[in-house]
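# Descriptive structure summary
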Amino acid sequence: MKFAVKKALSSGGARVGVLEVGSCPAPIETPALLLATRKGLPHFISPDLLPSLPSPDSNLLQVSPLHFLEGLSTTTISKIGGLHQMLGLQQHGIAAVPRDSIQCLPESKAATKLGASFETPCGRLLIKPKDYVEMISCMQPNIWASLADEVPAWVSEKRNKTSVDRTLRWLDDCISLYPAAGSIFGAIVGGTNLEERKRCAEEVAKRNVSGYWIGGFGLGEGIDERPALLRAVIDILPDEKPRLTCGLGLPEEILQGIAAGIDLFDSTYIYSLTVGGFALTFSLDNSREQHSLQSDQIGSDLTKINLRATAYRKDMSPILENCTCYTCKNHTKAYINHLLNVHEMLAQILLEIHNTHHFLRFFHVIRTAIRDGSFEEFRQAFLESRREHFKGEAIST
């Protein structure tokens with residue numbers, strides 16, 4: 001794995017970089033999205049439909065090794081030749097992170113000095129560094145994050161300190177147990193304690209790692225707390241290495257993370273939208289006029305529409321007129337509404353294709369804005385349109 005920063009804003013942490021992953025045929029520009037998967041494949045998009053997504057932006061997949069604790073053993077995966085060979089996705093990059101924010105959530109109360117605890121489909125499990133590294137060595141991902149003791153926002157200061165101590169110790173264990181590992185991302189935790197976050201970042205920066213996984217977000221902290229927490233960490237980390245985070249999914253949160261200097265994000269937000277029957281419709285133009293056009297749609301909150309609504313039962317238009325995704329080029333809102341009402345899985349397939357395509361385009365627009373020096377204007381226009389919408393909703397009710 002190779003990473004280089006191509007453009008950074010002097011006024012903030014937002015930056016454009018290029019990530020080269022061995023198995024990907026072309027470099028991937030950052031900020032970028034990691035597609036959430038279940039055992040290596042997107043939840044609803046089959047492998048034959050993956051090429052319909054924008055490439056190479058869609059070539060990074062996020063995997064939780066804990067998913068494979070049921071089904072095929074890691075030894076069998078190793079004999080097959082690793083995840084790339086097993087899944088038939090030799091031209092995709094795979095990033096392994098223990099937490100996936102959907103099914104494998106950290107359970108801080110059950111964590112011990114021996115390992116981290118997770119709520120998984122197999123029940124609550126204690127994962128030790130040795131077991132975790134064994135899974136990684138069998139799966140052979142391009143990028144993998146070290147084991148971390150993530151804690152929610154409401155834990156005590158003592159528990160925050162303990163989580164940092166454990167995470168640093170487990171990082172050393174991961175490095176020593178798998179010294180041949182290519183691209184390990186050191187985990188940084190500390191909850192909502194600025195000093196512990198800084199201490200963890202300082203210590204991880206001293207280790208021989210290829211990048212940084214900033215964990216502990218999306219676990220109860222306020223959105224207003226995040227900028228200070230992110231800046232406290234990123235100000236310490238070297239610029240030449242990539243930064244990954246999980247738990248920031250909403251468009252506003254993505255913009256917040258990019259403004260702080262994050263390069264890679266997970267995409268569990270897309271899964272949540274798709275399961276709920278929602279389609280992303282927010283404007284990819286930074287003008288307020290474009291944002292205001294979206295507010296007239298039924299069930300719209302300026303970012304998405306609910307295609308279960310009866311208003312779309314006879315709507316013969318695509319989700320978005322100018323969208324070039326497979327779903328919008330071939331199907332109508334009425335058809336997807338029908339599929340949702342009769343509980344056909346094709347509804348989720350078409351929605352995930354559109355939502356993934358639209359979110360990847362969102363990242364493309366952000367990268368363009370950073371290059372042009374207009375990222376902050378784009379961000380403020382987006383946030384202001386959201387504020388005006390919710391203000392109008394409050395007045396109408």
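Residues numbered from 1 in each chain as written. Predicted model: local features only at pLDDT ≥ 70, side-chain atom pairs only at ≥ 80, totals over all residues. Heavy atoms only, no water.

Where an unreviewed UniProt entry is consulted, the chain appears under the name Queuine tRNA-ribosyltransferase accessory subunit 2, with the organism given as Stylosanthes scabra. Under the UniProt heading Subcellular location (unreviewed entry), the note attached to the chain is "Cytoplasm". Word for word, the UniProt comment on the chain under Subunit (unreviewed entry) is "Heterodimer of a catalytic subunit and an accessory subunit." (UniProt positions renumbered as here; feature names shortened; annotations may be inferred.)

## Brief notes about the UniProt feature "binding site: Zn(2+)" (unreviewed entry) in the chain
Mapped onto this structure's residue numbering, the UniProt feature "binding site: Zn(2+)" (unreviewed entry) falls at Cys-323, Cys-325, Cys-328 and His-354. Judged by maximum C-alpha separation, these annotated positions cover 32 residues in sequence but sit close together in space, the widest gap being only 8.5 Å. Assignment of secondary structure puts Cys-325 in the loop between β17 (304–306) and α10 (326–330). Relative to the helices and strands, Cys-328 is located in helix α10. Cys-328 sits in the buried class, given a relative accessible area of 9%. Contacts of Cys-328, omitting those with residues within four sequence positions, involve Pro-318, Ile-319, Leu-320, Cys-323 and His-354. (Helix = DSSP H or I, 4+ residues; strand = E, 2+ residues; numbered from the N terminus. Buried < 20%, exposed > 50% of the residue type's maximum accessible area, 1.4 Å probe, protein only. Contact = heavy atoms within 4.5 Å.)

## A look at the confidence of the model for the chain
With 92% of its residues at a pLDDT of at least 70, the chain reaches an overall mean of 89. The model gives residues 288–296 a pLDDT under 50, and that stretch makes 17 contacts with residues more than four places away or in other chains. (pLDDT = per-residue confidence, 0-100.)

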